[in-house]
Amino acid sequence: MTRDEKNMGVLVHLASFSGYLIPFGSILGPLIVWLMKRDEYAFVESCGRNCLNFKISVIIYFIISGILMLVGVGFLLIGILAIFDIIVTIIAAIKASEGESYKYPLTINFIKPRAY
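How each quantity is defined
- Residues numbered from 1 in each chain as written.
- Predicted model: local features only at pLDDT ≥ 70, side-chain atom pairs only at ≥ 80, totals over all residues.
- Heavy atoms only, no water.
- Helix = DSSP H or I, 4+ residues; strand = E, 2+ residues; numbered from the N terminus.
- Buried < 20%, exposed > 50% of the residue type's maximum accessible area, 1.4 Å probe, protein only.
- Contact = heavy atoms within 4.5 Å.
- Salt bridge = Lys/Arg side-chain N within 4 Å of Asp/Glu carboxyl O.

A.B. asks: Would you mind going over the environment of Phe-84 with me for this structure?
C.D. replies: Following the sequence through the fold, Phe-84 ends up in helix 4 (residues 73-97). Under the relative-accessibility criterion, Phe-84 is labelled partly exposed at 24%. Setting aside residues no more than four positions away along its own chain, Phe-84 makes contact with Phe-54, Pro-105 and Leu-106.

In structure tokens form, the structure reads like this:
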């Protein structure tokens, strides 16, 4: 695996932090990198798919937490979820820099691997 392939894998994960600055950036950032490089690098295809599945899952969990704010417990869940999101994304970026594809916990698989 080349250094460029590892760097692009790291970029897929770190691009999701744009969501803290841009609405839906947590999905758009990794999506752009993934779509640009997935055919060139199999590792980026795997990293992008894993990252996008996780970020879509997190958005669903945030929506559920928002609904649970009506009963009070959602406030705590949103805080825990935000910290969890940051920590596992950093872990995924570190694993990608080592050439490992990270499987995020609590992920719903919306995007399946392509059949070649």
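A.B. asks: I keep staring at the pattern of salt bridges and nothing clicks. Help me out?
C.D. replies: Side chains that carry opposite charge are capable of pairing whenever their charged atoms lie near each other. Under the counting rule described, the total for this entry stands at four salt bridges. Ionic pairing is found between Glu-45 and Arg-49, a salt bridge with its closest N-O pair at 3.3 Å. Note that Glu-45 and Arg-49 are positioned in helix 3 (residues 42-68) at a spacing of four residues, about one turn of the helix. For Lys-95, the salt bridge is made with Glu-100, and the minimal N-O distance between the two is 3.9 Å. The class for Lys-95 is partly exposed, based on a relative accessible area of 29%.

By themselves, these figures tell us nothing about what the structure is for.
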